[in-house]
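# Examining the three-dimensional arrangement
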Amino acid sequence: MVATTKKTIENKPGAKETLLTPRFYTTNFKELSALDISSNREEIEAIVEEFRIDYNRDHFIRDKEFLNTWDFFDEKTRNIFIEFLERSCTAEFSGFLLYKEISRNLKKENPLLAEGFSFMSRDEARHAGFLNKAMSDFNVSLDLGFLTKTRKYTFFAPKFIFYATYLSEKIGYWRYITIYRHLEKNPNFRVYPIFRFFESWCQDENRHGDFFAAVMKSQKPLLNTYESRLWSKFFLLSVFATMYLNDLQRTDFYSTIGLDAKQFDIHVIRKTNQSSGTLFPVILDVDHPEFFPLLEDCHQANVELILLEKENSNFLQKIPSYFKMVTSLFKLYFLPAIETKYSWTERN
Ligand SMILES: [Fe+2]
Ligand SMILES: [Fe+2]
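Residues numbered from 1 in each chain as written. Chains lettered and ligands numbered in written order. Predicted model: local features only at pLDDT ≥ 70, side-chain atom pairs only at ≥ 80, totals over all residues. Heavy atoms only, no water.

## A few points about the nonpolar core
Ranked by internal contacts, the top residues of the largest apolar core, which has 107 residues, are Ile194, Phe195 and Phe211. Looking at which element gives the most residues to this core, the answer is helix α6 (residues 158-185), with 15 residues. (Core = buried A, V, L, I, M, F, W, Y, C linked by side-chain atoms within 4.5 Å. Buried < 20%, exposed > 50% of the residue type's maximum accessible area, 1.4 Å probe, protein only. Helix = DSSP H or I, 4+ residues; strand = E, 2+ residues; numbered from the N terminus.)

See below:
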């Protein structure tokens, strides 16, 4: 084993937070604790019961395959892996913090919701811990305590937390399962053992998504008003565009595991959009001939902006790229949406 000193990542020098960096969230706990979930209490109780069974209690145990050394990775691949683990760990940890805070604040007024959030924070803590342990295989670790104190928290009203977390759990599910199935068929690309854990892992994310869906169904205005149609489209587009722009900056990671980043994202977007069709009143028409070309325009604009940033260009020089990004996003938003068969009324 190469004797490298273990490095703790606190905050990368010069690393700039952008809209695409994994974020930490906070919300209005008072408003959340006052939610009346009685109209869909049974479904919520059933999911909390599933959480209680804790299917993955013994899943996240590092086996002997982790005892290998990973020194055969060249410098570039090593850095690609560290970045993947770091971003994933931050995202999982951000979920843990948010769910834990919500659970703590809801304990008295809304014990059932508090319990659901507490189980989900348990799962996310395991996911983040497992990823952080994996980072130590590459002689780095993430200082989660430091991260908790120093990261900026973005405030999201409860209803936005629901749209955003429902989608991030479902998209997480599709990402993990797609990578898992691909590596199952192509084991020669499974260059690191963590991917073997993705199958059961993604079931946690799927259950979390189901929990949010059940809570949203108890809040009918989140699903059956004109406003809810606009928000559904907005969050679908935001989550898809963020993933697309992020992943297309990291094609090297995907090619290391034998995936084409673009094809991977297109598949995940299609699947997540389809899953959302069982909850949202409208979903995006991803088969529209302009949908993916417009998303590609956003990516091109993003690449230009990154380049201009590296060249220390001023705002005026960036205007054409910003314009391209904003107009493409607008066009995407106003493409005709697809009506789903779900229209949530007080009876369902
Ligand atoms: Fe997770
Ligand atoms: Fe999750």
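On we go.
## Topic: the confidence of the model for the chain
The predicted model of the chain has a mean per-residue pLDDT of 91, with 92% of residues at 70 or higher. Taken as a whole, residues 1-5 scores under 50 in pLDDT and shows five contacts with residues more than four places along the chain or in a different chain. Residue range residues 11-15 is modelled with pLDDT below 50. Its contacts to residues more than four positions away, or to other chains, number two contacts. (pLDDT = per-residue confidence, 0-100. Contact = heavy atoms within 4.5 Å.)

## Comments concerning the coordination of the iron ion (ligand 1)
The protein atoms that coordinate the iron ion (ligand 1) are Glu92 (OE), Glu124 (OE), His127 (ND1) and Glu205 (OE), at distances spanning 1.9 to 2.2 Å. Viewed at the metal, the four donor atoms of the iron ion (ligand 1) are separated by angles of 85 to 146°, and the geometry they form is irregular. Mapping the donors of the iron ion (ligand 1) onto the primary sequence gives the spacing E-x31-E-x2-H-x77-E. Taken as an interatomic distance, the gap from the iron ion (ligand 1) to the iron ion (ligand 2) is 3.6 Å; glutamate 124 donates to each of them. Here glutamate 92 is found in helix α3 (residues 75-106), whereas its partner histidine 127 is found in helix α4 (residues 111-136), with 35 residues between them in sequence. Of the residues examined, glutamate 92 reaches a relative accessible area of 6% and is grouped as buried. The exposure class of histidine 127 is buried, given its relative accessible area of 0%. (Donors = N, O, S within 2.8 Å, 3.2 Å for Na, K, Ca; no water. Tetrahedral: all angles 85-135°; square planar, octahedral: opposite > 155°, others 65-115°.)

## A few points about empty space enclosed by the protein
Enumeration according to the criterion identifies one cavity of 30 Å³ or more in this entry. Approximately 40 Å³ is the volume found for the largest cavity. Looking at the largest cavity, the residues that line it are Lys233, Leu284, Asp285, Phe291, Leu332, Leu335, Pro336 and Ala337. Along the lines of polarity and charge, the residues of the lining of the largest cavity split into six nonpolar, no polar and two charged. (1 Å grid on protein atoms, 1.4 Å probe; cavity = no way out; pocket = protein on both sides within 12 Å on 5 of 7 lines; lining within 4 Å. Points joined across faces, edges and corners; volume = space filled by probe spheres on them. Nonpolar A, V, L, I, M, F, W, Y, C, P; charged D, E, K, R; others polar.)

## Quick word on the packing of aromatic side chains
This structure, assessed with the given rule, holds 52 aromatic pairs. Across the ring face of phenylalanine 24, the terminal group of arginine 151 is positioned such that the distance to the ring centre comes to 5.4 Å. Looking at lysine 233, its charged tip hangs above the ring of tyrosine 333, at a distance of 4.9 Å from the centre. (Phe/Tyr/Trp six-rings, centres within 6.5 Å; stacked < 30°, edge-to-face > 60°. Lys NZ or Arg CZ within 6 Å of the ring centre and 35° of its normal.)

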